[in-house]
Amino acid sequence: MWYVSTRGMAPRVDFEGALFSGYAPDGGLFMPEELPQLHIQTLRQWSALSYPSLVKELCTLFIGPELIPRDVLNDLIDRAFRRFRCREVVHLSRLRDGLNVLELWHGATYAFKDLSLCCTAQFLQYFLEKKEKHVTVVVGTSGDTGSAAIESVQGAKNVDIIVLLPQGHCTKIQELQMTTVLSENVHVFGVEGNSDELDEPIKAVFADVAFVKKHNLMSLNSINWSRVLVQMAHHFFAYFQCASSLDTHPLPPVEVVVPTGAAGNLAAGCIAQKMGLPIRLVVAVNRNDIIHRTVQRGDFSLSEAVEPTLASAMDIQVPYNMERIFWLLSGSDSQGTRALMEQFERTQSTSLPKELHSKLLGAVTSESVSDEAITRTMGRCWEENRYLLCPHSAVAVSYHYRQTDRQQPSLPRCCLAPASAAKFPEAVLAAGLTPETPAEILALEFKETRCTPMQKGDDWTLMLRNTIESLSWPQRGHS
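Conventions adopted
Residues numbered from 1 in each chain as written. Predicted model: local features only at pLDDT ≥ 70, side-chain atom pairs only at ≥ 80, totals over all residues. Heavy atoms only, no water. Helix = DSSP H or I, 4+ residues; strand = E, 2+ residues; numbered from the N terminus. UniProt positions renumbered as here; feature names shortened; annotations may be inferred. Pairing = 2+ DSSP bridges. Axes fitted to C-alpha atoms, helices over the stretch in contact; angles between N-to-C directions. Phe/Tyr/Trp six-rings, centres within 6.5 Å; stacked < 30°, edge-to-face > 60°. Lys NZ or Arg CZ within 6 Å of the ring centre and 35° of its normal. Disulfide = S-S within 2.5 Å. Buried < 20%, exposed > 50% of the residue type's maximum accessible area, 1.4 Å probe, protein only. Parallel < 35°, antiparallel > 145°, perpendicular 65-115°, else oblique. Left-handed = near helix turned anticlockwise from the far one by under 90°. Contact = heavy atoms within 4.5 Å. 1 Å grid on protein atoms, 1.4 Å probe; cavity = no way out; pocket = protein on both sides within 12 Å on 5 of 7 lines; lining within 4 Å. Points joined across faces, edges and corners; volume = space filled by probe spheres on them. Nonpolar A, V, L, I, M, F, W, Y, C, P; charged D, E, K, R; others polar.

A.B. asks: How would you summarise unusual backbone geometry if you had to cite specific residues and measurements?
C.D. replies: Excluding glycine, a negative phi dihedral is what most residues carry, and trans is how most peptide bonds are arranged. For the peptide bond that leads from His249 to Pro250, omega is -5°, which places it in the cis range. Despite not being glycine, Tyr110 shows a phi value in the positive range, around 65°. Within the chain, Gln407 stands out as a residue other than glycine whose phi angle is a positive 55°. Assignment of secondary structure puts Gln407 in the loop between helix H17 (391-405) and strand E14 (413-417).

A.B. asks: Residues and numbers for the UniProt feature "domain: Tryptophan synthase beta chain-like PALP" (unreviewed entry) in the protein, please.
C.D. replies: Per the UniProt entry, the sites bearing "domain: Tryptophan synthase beta chain-like PALP" (unreviewed entry) are residues 105-400 in this numbering. Across residues 105-400, helical content stands at 51% and strand content at 16%; the span's end C-alpha atoms are separated by 20 Å.

A.B. asks: How would you sum up the sheet that holds strand E7 (residues 186-191)? Please name residues and give values.
C.D. replies: Taken in spatial order, the five strands line up as E8-E5-E6-E7-E15 in an open sheet, and their pairing is parallel. Each edge of the open sheet is held by one strand with a lone partner, namely strand E8 (217-219) and strand E15 (452-454). The average angle at which neighbouring strand axes cross in this sheet is 25°, direction not considered. Both strand E6 (residues 159-166) and E7 contribute to a ladder of six bridges, which runs parallel. Bridge assignment links Pro166 to a residue of E7, and that residue is Val191.

A.B. asks: So, the packing of aromatic side chains: which residues are in play, and what are the values?
C.D. replies: All chains considered together, the criterion is met by 13 aromatic pairs. Judged by centre distance (6.0 Å) and plane angle (85°), the rings of Tyr51 and Phe237 are edge-to-face. Residue Tyr51 is located in helix H3 (residues 51-63), and its partner Phe237 is located in helix H10 (residues 225-242); the two are separated by 186 residues in the primary sequence. Through a chain of ring-to-ring contacts, the aromatic side chains of Trp46, Phe236, Tyr239 and Phe240 assemble into a single cluster. We note Lys133 situated over the ring of Phe20; from NZ or CZ to the ring centre the distance is 5.6 Å.

A.B. asks: Describe the state of the cysteines, listing the residues and the values that go with them.
C.D. replies: In total, this model carries zero disulfides according to the counting rule given. With no disulfide partner, Cys86 has as its closest neighbouring cysteine sulfur the one in Cys118, 14 Å distant. Just so you know, Cys381 is unpaired, no disulfide at all, and the nearest cysteine sulfur is the one on Cys415, 9.4 Å from it. Given the relative accessible area of 0%, Cys381 is considered buried.

A.B. asks: Talk me through the packing of helix H5 (residues 113-131) against H10; I want residue IDs and the actual numbers.
C.D. replies: Remark: H5 packs on H10, axes separated minimally by 9 Å, with the N-to-C direction vectors making an angle of 135°. Between H5 and H10, the angle is such that the two are oblique. Along this stretch, H5 crosses H10, giving a crossing that reads as right-handed. Counted together, Lys113, Leu115, Ser116, Leu117, Cys119, Thr120 and Phe123 of H5 and Ser226, Arg227, Val230, Gln231 and His234 of H10 form the full contact between these two elements.

A.B. asks: Quick rundown of the environment of Gln343? Include the residues and the values.
C.D. replies: Note that Gln343 resides in helix H14 (residues 334-347). Excluding residues that lie within four positions of it along the chain, Gln343 makes contacts with Gln348, Ser349 and Thr350.

A.B. asks: Help me get a handle on the layout of surface pockets, residues and values and all.
C.D. replies: Roughly 830 Å³ of internal volume is contained in the largest pocket. In terms of lining, the largest pocket is formed by 28 residues, of which the most central are Phe20, Ser21, Tyr23, Pro25 and Val212. Here the lining of the largest pocket gets four residues from one element, more than from any other, and that element is helix H1 (residues 15-21). A per-class count over the lining of the largest pocket returns 16 nonpolar, four polar and eight charged. Looking at the second largest pocket, its volume works out to about 600 Å³.

A.B. asks: Any details on the UniProt feature "modified residue: N6-(pyridoxal phosphate)lysine" (unreviewed entry) in the protein? Residues and values, ideally.
C.D. replies: Per the UniProt entry, the sites bearing "modified residue: N6-(pyridoxal phosphate)lysine" (unreviewed entry) are Lys113 in this numbering. In this fold, Lys113 is placed in helix H5. Classification of Lys113 as buried rests on a relative accessible area of 11%. Those residues in contact with Lys113 that lie beyond four places of it in its chain are Asp144, Thr145, Ala148 and Arg227.

A.B. asks: If you had to explain empty space enclosed by the protein to someone new, which residues and values would you point to?
C.D. replies: With the rule as written, the count across this model stands at two cavities of 30 Å³ or more. Each pocket or cavity is described by its volume, and for the largest cavity that value is around 380 Å³. If you list the elements that add at least two residues to the lining of the largest cavity, you get helix H6 (144-153), helix H8 (195-207), H10 and helix H11 (264-274). No other element matches the four residues that H8 contributes to the lining of the largest cavity. Split into classes, the residues belonging to the lining of the largest cavity amount to 12 nonpolar, 13 polar and five charged. Put simply, the second largest cavity is a space of about 30 Å³. Forming the walls of the second largest cavity are Cys59, Thr60, Ile63, Gly64, Pro65, Ile68, Arg70 and Leu73.

A.B. asks: Please give an account of the packing of helix H12 (residues 290-297) against helix H15 (residues 354-363) that cites residues and values.
C.D. replies: One way to put it is that H12 packs onto H15 with a least axis distance of 8 Å and a crossing angle of 110°. With respect to their mutual orientation, H12 and H15 come out roughly perpendicular. Only His357, Leu360 and Leu361 of H15 make contact with H12, whose side of the interface consists of Thr294, Val295, Gln296 and Arg297. Its residues assigned to classes, the contact of H12 with H15 comprises three nonpolar, three polar and one charged.

The following block contains the structure:
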C-alpha cells in the first residue's frame with residue numbers, strides 16, 4: 001500500500017513514511033494511492049466484529065504485513081485499547097425515538113482522540129524500537145488532541161512530546177489533563193492566542209525541511225494519516241450497529257452524523273464511503289461554519305475570526321482535512337487540489353469548481369448549530385433519556401432532533417459522540433443541568449502542574465526551535 005500527497009509533488013511513501021511525516025514535503029496530506037473496494041460478502045463478515053477487530057482489519061488493509069506482521073499488529077492494537085474503561089472500547093446508546101449515540105470517549109482522556117492516538121503511538125514505538133530512533137512530536141491543540149497525544153506517549157523512551165495549548169481557550173479540565181502530566185518526555189506550552197494562531201509557529205518549524213530531518217520531528221494532529229485510518233472504524237461500527245438488516249442487496253444505507261472541527265472524522269467517513277460502506281454522511285459544525293458553507297455553496301473561505309462557542313474543540317477556522325476530501329472526490333486530481341489549496345493559502349478564500357462542489361453535495365449534507373441549539377439539545381436529551389451529552393455530541397444530536405421533529409420517514413441514523421459530558425461542566429451548567437464529574441477528573445484540581453508560557457510579543461517559533469534542539473538525542477548524551 002503506497003501513499004501519495006494530495007498535491008502530487010512529493011515522492012510516494014509507505015505507511016511508515018506517512019506515519020512519520022504529518023504534512024507531505026509539498027505541503028499536501030498523504031492519502032492511499034488506491035482504495036481497496038469491499039465486497040458485500042466482506043461487509044457481511046465484518047458486521048459481526050467487535051470495534052477492536054474492525055480496527056485490526058482496516059489497519060491490515062492499509063499498513064501491509066511486510067511492515068507490521070499481522071500477529072504483531074493485533075498485539076499493538078490490543079495494547080492500545082488496554083486502558084479503556086469499557087470492555088467493547090466504544091459503546092452504542094440506543095435512546096428514545098431512534099436516537100443512536102455512539103460513545104467514542106471511553107479512553108483515558110474521555111475523548112474520541114484516545115482511540116486513534118493510542119494506536120498511532122503503538123505503531124510509532126514499534127518502528128522506533130526496531131530502528132533504535134528517537135522522535136520529537138509537536139502538537140498544537142484546541143483542547144482534546146493534546147491530552148490524548150500526551151496520554152498515548154507519556155513515559156515512552158523513544159519519544160518526546162511538545163504540546164502548544166491555547167491558554168484560556170480550552171476548558172479547565174482539558175488544560176489540567178495536559179499540565180498535570182509531569183513525565184520528563186512531556187513539554188507543555190501555554191500560548192497567549194487561539195488554536196489557529198498557535199498553529200503558525202508549528203507550520204513555520206515544519207516548513208524548515210532540514211531542521212525537521214535533523215531533529216526527527218513529527219506531528220500527531222489529525223493531519224496524520226494513521227489517525228484518519230483508525231477513525232474509519234467508527235463509521236463501519238456505526239453502520240453495522242444501526243443497519244436494519246444485511247441480508248438485502250444492495251445493503252441498506254445508514255446516516256452517520258459527524259460533529260467536526262478539523263474534518264478528520266469526516267475524511268475517514270468519506271474514505272469508508274468510497275470503499276463501499278453504504279453510509280450517508282451529515283457533517284455538523286458549530287458557528288464556525290466554514291465546512292457548512294463549503295458544502296452548501298462551495299464557499300471555502302475564512303470568516304473574520306474564530307467565534308468562541310460551547311463546543312470549543314470545534315472552534316476551528318481551517319479544517320485542514322477538507323483537502324483530503326477535495327482530492328478524494330475530484331478523482332485524485334492533485335493538480336486541481338494543489339491549485340485550490342494554494343489559492344486558499346494565499347487569499348484565505350476560494351470557491352470550489354462546480355464539478356467538485358456537486359460531488360461534495362452528493363457525498364455529504366451539512367448543518368451549522370448555534371450555542372442556543374446546543375444547550376436546548378442537551379436539555380431535551382436529558383429530559384427524554386436522563387442522558388447527558390457533551391456540547392460537541394449535542395451538535396450532532398441537534399440535527400437528529402430537527403429531522404425527527406419534521407416527522408418525515410428517515411434512514412436509521414447514528415450520531416457520533418466525540419467526548420464525555422464530564423469534560424465540559426461549564427456547558428452542562430449553561431444548559432441548566434447538573435454536571436456529573438468522575439473522581440479521577442475531580443482529582444486533577446489538586447495535582448501539581450507544569451506549563452511554560454508563550455506570551456504575545458515572544459518569538460514563538462524561536463522558543464519552539466530552541467526546545468526541540470534541547471531535546472535532540474545527541475544533546476542529551478544519547479548515542
